[in-house]
Amino acid sequence: MKTLLSRILKNSRPFRSLKFRIFILMMLIGVIPSVVTCACILLNYENQTIFEKTVDATNQGRALSNHLTEIAFLNNVGEEALSELSALSDYLSGRIMVIDSDLRVLSDTYSLSLGKTVISREVVDCFLTGQSNSSHNKKEGYIELTIPITGIDSSEAEGVMLISISTEPIRDSVETLRRKSWIFVVTVSIFVFVISLTLSQLLLRPFVRMTKAISSIREGFDNEAITIPDYTETEALTDAFNDLMSRMKKLDDSREEFVSNVSHELKTPLASMKVLSDSLREGGDIPVEVYREFMDDIAEEVDRENQIITDLLSLVKMDRTSENALNIDMYDINEIIERILKTLRPIAEKENVELIFESMRSVSAEVDETKFSLAIMNFVENAIKYNKSGGYVRVSLDADHQFFAVTVEDSGIGIPEEAQQHIFERFYRVDKSHSREIGGTGLGLSIARSAVLMHRGAVKVTSVEGEGTTFTIRIPLKYLTQAPKA
Ligand code: ADP
């Protein structure tokens, strides 16, 4: 029953409407109390009236019974007593019979059973107990009273006064009252209906306005912020929506910027190649040395284009990788770093840069080997690239009980303070011409940082221009499935 109700509430469109629920709630609150009150009043009224009628008839009947005893009515049915019985019968709007100990009817105000024998359990009980009794027959619609008539000298019941009163008049007045109550309930319901309808419309108006405002925002994010301060709830909702919109706008801006940067970066080597090949084509008799030099330049540009595309692919892959796609396992971090340094040593030697590895302890941690290696590789490669001849790159590894830290320190050219907050942005390069000279794409640090963040880690940079730079990478030893709270 409960599940059926909750299923209806969940699946049916009108039931899911807040306006409808508010309307129904107000209707229930308004109508139920008036229905219950009317029903209680009606029930009480009927019972109370029947009770009062019974008490009144018993008192009157007892008084008359005493009088009948005094005038020895059972022995001598007198006219005066008969008219008193008739008067009480009229007063009570009922029938009064007096029955003697042979169960014979001595008098009947309806004159229907005079002289007949009455065999009724109530009458017999009254003779036996000598007590008055009353009963209400709801189905037939009458009250019946038996009142004993004692003898002059004895306290025994020698006769019984049987009073039957129809409850029809009470029922009629209850019926009239019921009709009036219905009119009252219907009037109240109509009133509550109108109030509920109006209020549910009014209360939900801010939400309707909000839906309209949100729907009116089509393309683009230049629209003004939505403000619906009617309720704290609508205010919170619009604030959250505006916040989301501004974040989407930022995202949209950065996407646009990224696309334009990508196009620019990809076009630059192509433009160089075009110039070089055009000059070869149109140059007439070109000496072989010049020809070779130009071809070398073209090959360099192809390499560069290739590098940009490779970096872009790594970046896109990194962006698209959800945490489930990470290939996390327990690895010896010392071993990974040593392998990376071995790969980069020839480049370092070529640049006349000393490559040092300092391991404070042996560290095992849960990482994605490929992505972690890519990150460290980029940091160390940069440290070699942006160094000076005769300089050094010191990679150190340490750990506490929760994290391990890789520090890549170099004695290179350093990063100006104002540029430090931008170096992780895509395509950002401090010195474009210098970076281009040494084959930078501006994507390396962005890729590295994404890889570290995927491991729930953090990167910190400190640098002094002309003296050197230190990158510190801190990653949890045990992979956290949820990002730590900021
Ligand atoms: P790039 O491919 O140009 O090296 P990165 O994203 O790796 O791109 O780095 C962004 C910029 O940050 C570089 O162009 C360089 O100017 C600066 N940079 C990065 N690492 C270092 C470092 N170790 N020393 C000095 N400058 C650095």
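### Re the overall build of the protein
Alright, step 1. Helix and strand content of the protein: 13 helices and twelve strands.
Alright, step 2. Taking the principal axes of its C-alpha atoms as reference, the protein extends roughly 165 × 55 × 35 Å.
Alright, step 3. A burial count over the protein gives 37% of its 486 residues as buried.
Alright, step 4. The contacts in the protein between residues at least 6 apart in sequence include a share of 65% that link residues at least 24 apart.
Alright, step 5. Carbon together with sulfur atoms contributes 55% to the accessible area of the protein, which is approximately 29900 Å² in total.
Alright, step 6. The positive charge centre, built from 53 side chains, and the negative charge centre, built from 71, are 4 Å apart in the protein.

### Examining the domain arrangement of the protein
Alright, step 1. Domain annotation of the protein identifies domain 1 (1–217), domain 2 (232–315) and domain 3 (323–476).
Alright, step 2. Taking only C-alpha atoms, the centre of domain 1 and the centre of domain 3 are 94 Å apart.

### Observations regarding the sheet that holds strand S12 (residues 468–476)
Alright, step 1. Spatial ordering of the open sheet is given by S7-S9-S10-S12-S11, a layout of five strands whose pairing is mixed. Unpaired on one side and paired on the other, strand S7 (354–359) and strand S11 (458–464) mark the two borders of the sheet. Put simply, the sheet's adjacent strands are angled 10° from each other on average, direction ignored.
Alright, step 2. Here S11 runs beside S12; their pairing, made up of seven bridges, is antiparallel. Across the sheet, the residue bridging to Val461 is Phe471, located in S12.
Alright, step 3. Packed onto the sheet, helix H10 (residues 369–385) meets S7, strand S9 (392–399), strand S10 (403–410), S11 and S12 and runs at close to 25° relative to S10.

### Section: the sheet that holds strand S2 (residues 105–108)
Alright, step 1. Strand order in the open sheet made by the five strands is S2-S1-S5-S4-S3, with antiparallel pairing throughout. The strands lining the two open edges of the sheet, one partner per strand, are S2 and strand S3 (133–137). Within this sheet the neighbouring strands show an average axis-to-axis angle of 15°, counted without direction.
Alright, step 2. Sheet strands in contact with helix H4 (residues 79–92) are strand S1 (94–100), S2 and strand S5 (157–166), and its direction is about 140° off that of S1.
Alright, step 3. The sheet strands contacting helix H5 (residues 121–129) are S1, strand S4 (142–150) and S5, and the helix crosses S5 at an angle near 145°.

### Looking at the pattern of salt bridges
Alright, step 1. With the rule as written, the count across this model stands at 17 salt bridges.
Alright, step 2. Here Asp398 and Arg361 are joined by a salt bridge, their closest N and O atoms 2.9 Å apart. With Asp398 in strand S9 and Arg361 in the loop between S7 and strand S8 (364–368), the pair connects residues that are 37 residues apart, well separated along the chain.
Alright, step 3. By relative accessible area, Arg361 is classed as partly exposed at 43%.
Alright, step 4. Between Glu409 and Arg394 there is a salt bridge, with the nearest N and O atoms lying 3.3 Å from each other. Separated by 15 residues along the polypeptide, Glu409 in strand S10 and Arg394 in strand S9 bring together distant segments of the chain.
Alright, step 5. You can call Glu409 partly exposed: its relative accessible area is 24%.
Alright, step 6. For Arg394, a relative accessible area of 23% translates into the label partly exposed.
Alright, step 7. Taken together, the shared-partner salt bridges in this structure form one network comprising Glu265, Arg304 and Arg429.

### Focus on a nonpolar patch on the surface
Alright, step 1. Together, Trp182, Val186, Ile190, Phe193, Val194 and Leu197 give the surface a local cluster of nonpolar side chains, amounting to about 580 Å² of exposed area.
Alright, step 2. Within the fold, Ile190 resides in helix H6 (residues 168–216).

### A few points about the nonpolar core
Alright, step 1. Counting 51 residues, the largest nonpolar core has Ile333, Phe372, Phe379, Val380, Val393, Phe404 and Val406 as the members making the most contacts within it.
Alright, step 2. Two domains share this core, each providing at least three of its residues, namely domain 2 (232–315) and domain 3 (323–476).
Alright, step 3. Contact partners of Val393, with chain neighbours within four places excluded, come to Val353, Glu354, Leu355, Ile356, Val380, Ala383, Ile384, Asn387, Val408, Glu409 and Asp410.
Alright, step 4. One finds Ala57, Leu64, Leu85 and Ile165 within the second-largest nonpolar core, a separate group that totals 18 residues.

### Considering H4
Alright, step 1. The terminal C-alpha atoms of H4, which comprises 14 residues, lie 20 Å apart, in line with the 20 Å expected from a rise of 1.5 Å per residue.
Alright, step 2. Burial in H4 covers these residues: Ala81, Leu85, Leu88, Ser89 and Leu92. Across the axial projection of H4, the buried residues extend over an arc of 105°, all falling on one side. Facing away from the buried side of H4 by more than 90 degrees, the exposed set consists of Glu79, Glu80 and Asp90.
Alright, step 3. For H4, the secondary structure elements touched by its buried residues are helix H3 (18–70), S1, S2 and S5.

### Some words on the packing of aromatic side chains
Alright, step 1. Counted by the stated rule, this structure contains six aromatic pairs.
Alright, step 2. Ring centres 5.1 Å apart and planes at 40° place the aromatic pair Phe379 and Phe471 in the tilted group. Of this pair, Phe379 sits in helix H10 while Phe471 sits in strand S12; the two residues are 92 residues apart in sequence, bridging distant segments of the chain.
Alright, step 3. When its relative accessible area of 0% is taken as the criterion, Phe379 is described as buried.
Alright, step 4. Measuring from ring centre to ring centre gives 6.3 Å for Phe424 and Phe471, while their planes differ by 80°; the resulting arrangement is edge-to-face.

So, how was this worked out
- Residues numbered from 1 in each chain as written.
- Predicted model: local features only at pLDDT ≥ 70, side-chain atom pairs only at ≥ 80, totals over all residues.
- Heavy atoms only, no water.
- Helix = DSSP H or I, 4+ residues; strand = E, 2+ residues; numbered from the N terminus.
- Buried < 20%, exposed > 50% of the residue type's maximum accessible area, 1.4 Å probe, protein only.
- Contact = heavy atoms within 4.5 Å.
- Areas by Shrake-Rupley, 256 points an atom, 1.4 Å probe, with all protein chains shown as cover.
- Lys, Arg positive; Asp, Glu negative; His and termini not counted.
- Charge placed at Lys NZ, Arg CZ, Asp CG, Glu CD.
- Domains from an automatic or database assignment.
- Pairing = 2+ DSSP bridges.
- Axes fitted to C-alpha atoms, helices over the stretch in contact; angles between N-to-C directions.
- Salt bridge = Lys/Arg side-chain N within 4 Å of Asp/Glu carboxyl O.
- Patch = residues over 30% accessible without salt bridge, like charges linked within 9 Å, V, L, I, M, F, W, Y side chains within 5 Å.
- Core = buried A, V, L, I, M, F, W, Y, C linked by side-chain atoms within 4.5 Å.
- Expected span 1.5 Å × (residues − 1).
- Arc of directions from axis to C-beta.
- Phe/Tyr/Trp six-rings, centres within 6.5 Å; stacked < 30°, edge-to-face > 60°.

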